[in-house]
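Observations on chain architecture
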Amino acid sequence: RAQKMNIRKITLMAGLIFATLNSAAFAWDHPGHMTTAAIAYAEVERQRPELMDKIGMLFLAHPEPAPFWVAAGAARGKEATRRKFIECARFADDIKFSAEFPAGNAAAAMSYVEDPVNGKPIPLHILWDSNALRSPKLEDVDRYAGELMKKYPRSSFPELLEHPYNGPDAFTTWARESYAIAADWAYKGVETRPDPDLGQDTDRLIKNMVKYILEGVAPVDEAPKLPEGYWEKLQVTSAQRITLAGYRIADLILAAADNIEKQRAFMTR
């Protein structure tokens, strides 16, 4: 029970940090996840523009609305809805923990490698999340989302036809795709240097995480280099998975909307 409370403590703290930071800070802010949301929003708006107002209304019922209002800023109408929608994606990475690291490794968020861009230690997890885009600014996220959609249109993904969203079972298939990538090469053969406080002091781990997020200062002075060819493969794979995820999120939302409308039509017969 104490272990679960520690994990929850790290998760909640990380969630608060990621939810309240803005572009003024160093802010490793999961730009990859934000890009999936930007792609999904663009797809839903393109196919069903009438849903935008309804999606915006959903945020009014959120049990923790503050981060979404912060994300919206001074925006109003559809732009406010879009910003809140993108905010949702910033929580996705904060709930992952590895069974190998019960104190909360957060799927390599506390395992460091040398950043190919600047030669400094960076968590392997964050390297994947921010390999091509390292800014959480909306204009940068929008630009990157547009580039990815142009480079990887829906027609370039046979997975969208082979494994469309057809209910909860689809999530298992999607997760297995990502697991295969992780097991086959994303983690395989990659030497990392763990946070020195891993498995010891939960509060210190949180402080180390916060310091890296806010200042870009890692708890280690140096970390192992990536295997040869890894960085190049990571960038291509990550871009493809980000784009595919965006399309799938859109399909999920559209399917949910269709289901609600069918139920409503059935009840009004």
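Report on the accompanying structure. The model shown is predicted, which means the values in this text are computed figures rather than measured ones. (Residues numbered from 1 in each chain as written. Predicted model: local features only at pLDDT ≥ 70, side-chain atom pairs only at ≥ 80, totals over all residues. Heavy atoms only, no water.)

Attention now moves to the sheet that holds strand β1 (residues 111–114). Reading across the sheet, the three strands line up as β2-β1-β3 and stay open at both edges, with antiparallel pairing between neighbours. The open sheet has two edge strands, β2 (121–123) and β3 (193–194), and neither has a second partner. (Pairing = 2+ DSSP bridges. Helix = DSSP H or I, 4+ residues; strand = E, 2+ residues; numbered from the N terminus.)

Where nonpolar side chains cluster on the molecular surface, the patch consists of M57, L60 and W69 and spans about 360 Å² of accessible area. In this structure, M57 sits in helix α3 (residues 52–58). The exposed category is assigned to M57, whose relative accessible area is 55%. (Patch = residues over 30% accessible without salt bridge, like charges linked within 9 Å, V, L, I, M, F, W, Y side chains within 5 Å. Areas by Shrake-Rupley, 256 points an atom, 1.4 Å probe, with all protein chains shown as cover. Salt bridge = Lys/Arg side-chain N within 4 Å of Asp/Glu carboxyl O. Buried < 20%, exposed > 50% of the residue type's maximum accessible area, 1.4 Å probe, protein only.)

With 18 residues, helix α9 (residues 169–186) should cover 26 Å at 1.5 Å per step; its first-to-last C-alpha distance of 25 Å lies within 8% of that length. Along α9, the residues that are buried comprise A170, W174, E177, A182, W185 and A186. In an axial view of α9, the angular spread of the buried residues amounts to 130°, which keeps them on one side of the axis. Seen from the open side of α9, the exposed residues pointing more than 90 degrees away from its buried face are D169, R176, Y179 and D184. The inward-facing, buried residues of α9 contact α6 (124–129), α8 (159–162) and α11 (230–267). (Expected span 1.5 Å × (residues − 1). Arc of directions from axis to C-beta. Contact = heavy atoms within 4.5 Å.)

Taken as a whole and judged by the stated rule, the model has 16 salt bridges. Among the salt bridges present, the one from E79 reaches R82, with a minimum N-O distance of 2.9 Å. Of this pair, E79 and R82 are both found in helix α5 (residues 77–88), three residues apart, which corresponds to roughly one turn of the helix. Of the charged contacts, one joins E177 and R248 as a salt bridge, the two residues approaching to 2.9 Å between their closest N and O atoms. Residue E177 is found in helix α9, and its partner R248 is found in helix α11; the two are separated by 71 residues along the sequence. Here the two residues E177 and R248 agree in accessibility, since each one is buried.

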